[in-house]
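Breakdown of the fold
What follows is the residue order along each chain.
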Amino acid sequence: MKELSLHVLDIVQNSIAADANLITIRIVEKITTDRLVIEIADNGRGMDNEMVQKIKDPFVTGRKIRKVGLGIPLLHKACTRCGGDMVIESELGKGTKILCWFIYSHIDRAPLGNMIDTILTIIMTNPEIDIVYTHNYEGKEIQLDTREIKKIMGEVPINQPQVLSWMKEYLKESFNSLYGGANI
Ligand SMILES: Nc1ncnc2c1ncn2[C@@H]1O[C@H](COP(=O)(O)OP(=O)(O)OP(=O)(O)O)[C@@H](O)[C@H]1O
Ligand SMILES: [Mg+2]
């Protein structure tokens, strides 16, 4: 079973390929309403309506799907299999937002996976792109904003090993307080 964090990595790759320089990743875990929401938004080149329709519903067009790829269809399928769905909003020249949700307790829902390593991998390999990562668990929220870190770091590159390990510690501690010591 594919971890959801790997889907996040896939979708973020699309934003990077679309020349985004700001990507926001928001995860909301709401046990009380049995929902898991993942939202990824970018300020990349965007898509026209026709493109948005084509990638949202890949099973109609068979072979054409191969031509446009599998990242979005796979995540879409993962959502619908778990009583959720995906909405894509995009505007040419402005950016794209992918919103998807799952029934939290659905038996087929893949685990979230290691979000800390996923976010750090994105930052490490794309230091010039700003990432705003928000994770909400039952109304409690943590955030990592590379724009803030870059401000503090000045000339020091954000993907410098010491900065990365500082961010890792920061995220670990944040998650601990978020989940109140529950397993991650
Ligand atoms: N954030 C985005 N901004 C602009 N265009 C996008 C974005 N996400 C997807 N697209 C367009 O939709 C296409 C399909 O995306 P999808 O992730 O399904 O497949 P892919 O990226 O082409 O291939 P794969 O993910 O399988 O490597 C992309 O090739 C791109 O043209
Ligand atoms: Mg892709």
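Structure's up top.
Just so you know, these numbers come straight off a predicted model, no measurement behind them.

Moving on, we get to the overall build of the protein chain. When helices and strands are counted, the protein chain shows seven helices and six strands. Across the protein chain, helices and strands are ordered from the amino to the carboxyl terminus as α-β-β-α-α-α-β-β-α-β-β-α-α. Over its C-alpha atoms the protein chain spans a radius of gyration of 17 Å, differing by no more than 12% from the 16 Å that the globule rule assigns to 184 residues. Across its three principal directions, the C-alpha atoms of the protein chain cover 50 × 35 × 25 Å. Of all 184 residues assigned to the protein chain, the portion counted as buried reaches 28%. Partitioning the intrachain contacts of the protein chain with sequence separation of at least 6 by distance along the chain shows that 64% fall at a separation of at least 24.

Below, the discussion takes up the nonpolar core. If you look at the biggest cluster of nonpolar residues, it comprises 33 residues, and the most contacted ones within it are Val-8, Val-12, Ile-23, Ile-25, Ile-40, Ile-119 and Ile-131. Elements represented by at least two residues in this core include exactly α1 (4-17), β1 (22-30), β2 (35-42), α4 (71-81), β4 (95-103), α5 (115-125), β5 (130-137) and α7 (161-179). If you tally residues by element for this core, the top one is α5, at five residues. Beyond its immediate stretch of four places on either side in the chain, Ile-40 contacts Val-8, Ile-11, Val-12, Ser-15, Ile-23, Ile-25 and Ile-98.

Our focus in this paragraph is the sheet that holds strand β3 (residues 85-91). Picture the strands of a sheet paired through backbone hydrogen bonds; they go either parallel or antiparallel. Strand order in the open sheet formed by six strands is β3-β4-β2-β1-β5-β6, with mixed pairing between adjacent strands. This sheet does not close on itself; its edge strands, each paired only once, are β3 and β6 (140-145). Going from strand to strand, the sheet's axes swing by 10° on average, the running direction of each strand aside. When β5 meets β6, the two strands line up antiparallel, connected through six bridges. Among the inter-strand pairings, Thr-134 is bridged to a residue of β6, identified as Gln-143.

Around ligand 1, the surrounding shell holds 17 residues, and the nearest of these are Asn-14, Ala-18, Gly-69, Gly-71 and Ile-72. When contributions to the shell around ligand 1 are tallied by element, the ones reaching two or more residues are α1 and α4. Taken together, the residues of the shell around ligand 1 break down into seven nonpolar, seven polar and three charged.

What follows covers unusual backbone geometry. Glycine aside, the phi torsion of most residues is negative, and most peptide linkages are trans. Phi is positive for Asp-19, close to 65°, though the residue is something other than glycine. Residue placement: Asp-19 occurs in the loop between α1 and β1. Backbone geometry places Asp-34, a non-glycine residue, at a positive phi of 55°.

Take the pairing of β1 next. As paired elements, β1 and β5 share eight bridges and run parallel to each other. The residue bridging Ile-27 from the neighbouring strand is His-135, located in β5. As paired strands, β1 and β2 are joined by eight bridges and run antiparallel to one another. Looking across to β2, one finds that Val-28 is bridged to Val-37. Counting the residues in the hairpin turn of β1 and β2 gives four residues, including Asp-34, whose phi is positive at 55°.

Calculation notes
Residues numbered from 1 in each chain as written. Chains lettered and ligands numbered in written order. Predicted model: local features only at pLDDT ≥ 70, side-chain atom pairs only at ≥ 80, totals over all residues. Helix = DSSP H or I, 4+ residues; strand = E, 2+ residues; numbered from the N terminus. Rg over C-alpha atoms; globule rule 2.2 N^0.38 Å. Buried ≥ 20, exposed ≤ 12 C-beta atoms within 10 Å, placed from the backbone. Contact = placed C-beta atoms within 7 Å. Core = buried A, V, L, I, M, F, W, Y, C linked by C-beta atoms within 7 Å. Pairing = 2+ DSSP bridges. Axes fitted to C-alpha atoms, helices over the stretch in contact; angles between N-to-C directions. Near = placed C-beta within 6 Å. Nonpolar A, V, L, I, M, F, W, Y, C, P; charged D, E, K, R; others polar.

All quantities given are derived from atomic positions and should not be read as evidence of function.
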